[in-house]
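# Results of the structural survey
As a plain string of letters, each chain reads:
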Amino acid sequence: MKKFIEGTLEIKDDISNLDDFIELNRKETDYIVSYANENDIEFNFGTSINNEILCEYKIVRESLKECRQAISEFKKVLHTLFKRIDSLYEAHGNQLM
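Presented here is a report on the structure given in the accompanying data block. (Residues numbered from 1 in each chain as written. Predicted model: local features only at pLDDT ≥ 70, side-chain atom pairs only at ≥ 80, totals over all residues. Heavy atoms only, no water.)

### Focus on helix 2 (residues 26-38)
In a regular helix each residue adds 1.5 Å, so 13 residues correspond to 18 Å; helix 2 covers 18 Å between its end C-alpha atoms and thus fits that length. On its buried face, helix 2 sits against helix 1 (18-24), strand 2 (41-47) and helix 3 (64-78). Looking one or two residues past helix 2, D40 carries a phi angle of roughly 50 degrees, positive in sign. (Helix = DSSP H or I, 4+ residues; strand = E, 2+ residues; numbered from the N terminus. Expected span 1.5 Å × (residues − 1). Contact = heavy atoms within 4.5 Å.)

### Some thoughts on the pattern of salt bridges
One pass over the full model with this rule turns up five salt bridges. Here E10 and K12 are joined by a salt bridge, their closest N and O atoms 3.8 Å apart. Of the residues examined, E10 reaches a relative accessible area of 10% and is grouped as buried. For D30, the salt bridge goes to R26, with nearest N and O atoms at 3.6 Å. Of the two residues, D30 and R26 are both situated in helix 2; the distance of four residues between them amounts to about one turn of the helix. By relative accessible area, which is 33% here, R26 ends up partly exposed. (Salt bridge = Lys/Arg side-chain N within 4 Å of Asp/Glu carboxyl O. Buried < 20%, exposed > 50% of the residue type's maximum accessible area, 1.4 Å probe, protein only.)

### Let's talk about the packing of aromatic side chains
As enumerated under the stated definition, the model contains five aromatic pairs in all. Taking 5.6 Å as the distance between ring centres and 25 degrees as the angle between the ring planes, the aromatic pair formed by F21 and F82 counts as stacked. A residue pair is termed long-range when its members are at least 10 positions apart, and F21 in helix 1 and F82 in the loop between helix 3 and strand 4 (85-95) qualify at 61 residues. You can call F82 buried: its relative accessible area is 0%. Centre to centre, the rings of F43 and F74 are 5.5 Å apart; their planes meet at 55 degrees, and the pair counts as tilted. Taken together, the positions of F43 in strand 2 and F74 in helix 3 put the pair 31 residues apart, joining distant regions of the chain. The class of F43 is partly exposed, set by a relative accessible area of 23%. F74 sits in the buried class, given a relative accessible area of 0%. (Phe/Tyr/Trp six-rings, centres within 6.5 Å; stacked < 30°, edge-to-face > 60°.)

Below, the structure written as structure tokens:
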């Protein structure tokens, strides 16, 4: 049975407009997307009701240890674009389907 880890990260950088920021940093953005695709990491950027910038992620691997390694590496990749990242939520368990 495979394991999963999922969570939500808050981007604490001072960014007034996420769309403009992503467009101005296209090279780094493309790198993050490419890295996630190559490593089977599901993620999504968006804003909360309070205009906080969030990154939701989900990783499925053979073991929890592999999941933890993958999220650790993914956070390093996110730091190529964002300087301050806080974890808001994280959960793990068995992937049933």
